[in-house]
Amino acid sequence: MASYDLAVIGGGPAGLAAAMYGGMRGLSTAIFEAEAFGGQLINLYPTKPVTNFPAYATIDSRDIALRLADQAECFGAGLFEWQPIEHVSRDGDDFVIRAADDSRSSGRPGGNGASKGDPSAGREVRARALILALGLGRFTPRRLGLADEARFEGKGLTYRLPPIDEVHAQHVVVVGGGDSALDTALSLRTVADVTIVHRREAFSAYAFSQQRLAEADIKLVTNGEIVGLVAHDHLERVIIARTDGSTVECPADLLMVSIGQVPELSGIKGWELGLDDSRLPVTSAMAASTKGLFAAGDYADYPGKVKMIATAVAEGSTAASSAERYLLSMS
Ligand SMILES: Cc1cc2nc3c(=O)[nH]c(=O)nc-3n(C[C@H](O)[C@H](O)[C@H](O)COP(=O)(O)OP(=O)(O)OC[C@H]3O[C@@H](n4cnc5c(N)ncnc54)[C@H](O)[C@@H]3O)c2cc1C
């Protein structure tokens, strides 16, 4: 079982800053992220121009995420993305951290390329100190709500953009009208014929993305919702009902649903850390009441808390410094 001085769960800005500081302070450090690194910056608002991150008049949210991950890697932290942690237990003073069996180490939409091999899917690692940087929780994709939807997963229906060089579809339908849907459609257009289905007339994506969409050769079906999927072994067509009462059928050997992500924390209640599914109270040193356990970012709670990228980064740094002090006190 791999063993670290410090493990960080959650790869948003708080966790990435904690991993960077852990590495900088010479601790063997590993960070585990269920999705691509970046947290809310990648999953909720990937193309937002952020105007309150110090030292930048404006910087895209995705760029902040990529830079933080690169910096953590530069200082020697082990970066593991697509590694959802499903359980944490104690063995003496150590933490035993188990990644879910279904974790994957590749296919990293929005990722920064920093993920290293040695995926710990279904395996356990040990750490002497632990920082929880869980943010709002793990993101799960919103589904279409069709009765037999689950049957099509892996048979042409997906909720996450696969690596483009692994897309072999000819006809792709993308559902959604936000930035992720448009980014996804524009990426897929380089390898396939693409149709976007959106339930409204207007798109909510940034004007810049809409401009790129207008210039791309992508078909649009607006005021429409997918009401049926047609398949034999694999998806072949989608049926779209429009608000004017008409029905449209579109060929689709890949259906990419991009209608948002819902964060949730409920899985952590089973961890042997006495957590519930709300925020974790911490001291000004970001220490929880459990020995060796720290928290940072949106998941950490204290009076006067402000939830921002800059405060998440600051808290991650404080948590790592406190973890170092704790480890020194134990040796
Ligand atoms: C729409 C929106 C716009 C915003 N705009 C701004 C802005 O302009 N400026 C600003 O300063 N702030 C902004 N914020 C707030 C800012 O994004 C958050 O404060 C910040 O992302 C918190 O960082 P974090 O690392 O604590 O959490 P998160 O960013 O939520 O990251 C937590 C990570 O932990 C991972 N995780 C959770 N559970 C597990 C598990 N079991 N195993 C592995 N990984 C797990 C999640 O997948 C996630 O990636 C915005 C927030 C929203 C929702």
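Residues numbered from 1 in each chain as written. Predicted model: local features only at pLDDT ≥ 70, side-chain atom pairs only at ≥ 80, totals over all residues. Heavy atoms only, no water.

So, the sheet that holds strand β16 (residues 247-251)
What links the strands of a sheet is backbone hydrogen bonding, and the strands pair in either a parallel or an antiparallel sense. Pairing in this open sheet of 3 strands is antiparallel, and the strands run β14-β15-β16 from one edge to the other. In this open sheet, the two edge strands, each paired with only one partner strand, are β14 (224-231) and β16. Going from strand to strand, the sheet's axes swing by 25° on average, the running direction of each strand aside. Taken together, the 7 bridges between β14 and strand β15 (residues 235-242) define a ladder with antiparallel strand orientation. By the bridge assignment for β15, E225 is matched with A241. (Pairing = 2+ DSSP bridges. Helix = DSSP H or I, 4+ residues; strand = E, 2+ residues; numbered from the N terminus. Axes fitted to C-alpha atoms, helices over the stretch in contact; angles between N-to-C directions.)

Regarding the pairing of β15
Counted between consecutive antiparallel strands, the loop separating β14 from β15 contains 3 residues. Pairing of β15 with β16, which is carried by 5 bridges, proceeds in the antiparallel orientation. Across the sheet, residue I239 finds its bridge partner in β16, namely E249. Taken together, β15 and the strand that follows it, β16, pair antiparallel across an intervening segment of 4 residues, in which G245 is found at a positive phi of about 95°.

What to know about the nonpolar core
Core analysis: the largest hydrophobic core is formed by 64 residues, its most contacted members being I97, L130, L132 and W271. Broken down by element, the residue count for this core peaks at 8 residues, all from helix α6 (residues 309-330). (Core = buried A, V, L, I, M, F, W, Y, C linked by side-chain atoms within 4.5 Å. Buried < 20%, exposed > 50% of the residue type's maximum accessible area, 1.4 Å probe, protein only.)

Concerning helix α4 (residues 179-188)
Counting buried residues in α4 gives 8 out of 10 residues, a clear majority hidden from the surface. Along α4, the positions that sit buried rather than exposed are D179, A181, L182, D183, T184, A185, L186 and L188.

Details of the pairing of strand β8 (residues 124-132)
In this sheet, β8 lies alongside strand β1 (residues 2-9) in parallel orientation, the contact comprising 7 bridges. Counterpart to Y4 in the pairing with β8 is A127. Pairing between strand β7 (residues 94-99) and β8: 4 bridges, direction antiparallel. Residue pairing for β8: F95 is matched across the bridge by A127. Relative to strand β20 (residues 293-295), β8 runs parallel, the two being bridged by 3 bridges. Bridging from a neighbouring strand, I131 pairs with F294 of β20.

Digging into the domain arrangement of the chain
One frequent convention defines the size of an interface as the accessible area lost when the parts assemble. As assigned here, the chain comprises domain 1 (2-139 + 261-330) and domain 2 (143-257). Each of domain 1 and domain 2 has a C-alpha centre, and these two points are 32 Å apart. At the junction of the two partners, domain 1 supplies 12 residues and domain 2 supplies 7 residues. When the two sides are added together, the surface that domain 1 and domain 2 hide from each other amounts to roughly 690 Å², 48% of it contributed by carbon and sulfur. For the interface between domain 1 and domain 2, the tally reads 2 salt bridges. E35 is the partner of R160 in a salt bridge, and the nearest nitrogen-oxygen pair spans 2.8 Å. Our enumeration of links across domain 1 and domain 2 arrives at 1 residue pair in polar contact (both at pLDDT 80 or more). Broken down by class, the residue content of the side of domain 1 that touches domain 2 amounts to 5 nonpolar, 3 polar and 4 charged. (Domains from an automatic or database assignment. Contact = heavy atoms within 4.5 Å. Buried area = accessible area lost by both parts, 1.4 Å probe. Salt bridge = Lys/Arg side-chain N within 4 Å of Asp/Glu carboxyl O. Polar contact = N/O pair within 3.5 Å; in protein donor to acceptor, adjacent residues only side chain to side chain. Nonpolar A, V, L, I, M, F, W, Y, C, P; charged D, E, K, R; others polar.)

What to know about unusual backbone geometry
Phi at W82 is positive, roughly 55°, even though this residue is not glycine. Note that W82 resides in the loop between β5 (78-80) and β6 (85-91). Phi angles above zero are rare outside glycine, and N223 is one such case at about 50°. With respect to the helices and strands, N223 occurs in the loop between β13 (219-221) and β14.

Focus: the sheet that holds strand β17 (residues 254-257)
Here we have 5 strands laid out as an open sheet, ordered β10-β17-β11-β12-β13, and parallel in their pairing. Edge positions in the sheet fall to β10 (157-158) and β13, since each of these pairs with one other strand and no more. With 5 bridges joining them, strand β11 (residues 171-175) and strand β12 (residues 193-197) adopt parallel strand pairing. From the neighbouring strand, V175 faces β12, where its bridge partner is V197.

Some thoughts on the site of the ligand
Around the ligand sit 34 residues, and of these E33, Q40, Y45, D298 and I309 come closest. The backbone of A34 places a nitrogen or oxygen atom 3.0 Å from a nitrogen atom of the ligand. At 3.5 Å from an oxygen atom of the ligand is found a main-chain nitrogen or oxygen belonging to A133. Going through the elements one at a time, α1 (13-24), α2 (40-43), β9 (138-141) and α6 are the ones with two or more residues in the shell around the ligand. Classifying every residue of the shell around the ligand by side-chain character gives 19 nonpolar, 10 polar and 5 charged. (Near = heavy atom within 4 Å.)

Things to note about the packing of α1 against helix α3 (residues 61-74)
For the pair α1 and α3, the least separation of the axes is 8 Å and the interaxial angle reads 25°. Between α1 and α3, the angle is such that the two are roughly parallel. Two packed elements cross with a definite hand, and for α1 against α3 that hand is left-handed. On α3, the residues touching P13, L16, A19 and M20 of α1 are A65, L68, A69, Q71 and A72. A per-class count over the contact of α1 with α3 returns 8 nonpolar, 1 polar and no charged. (Parallel < 35°, antiparallel > 145°, perpendicular 65-115°, else oblique. Left-handed = near helix turned anticlockwise from the far one by under 90°.)

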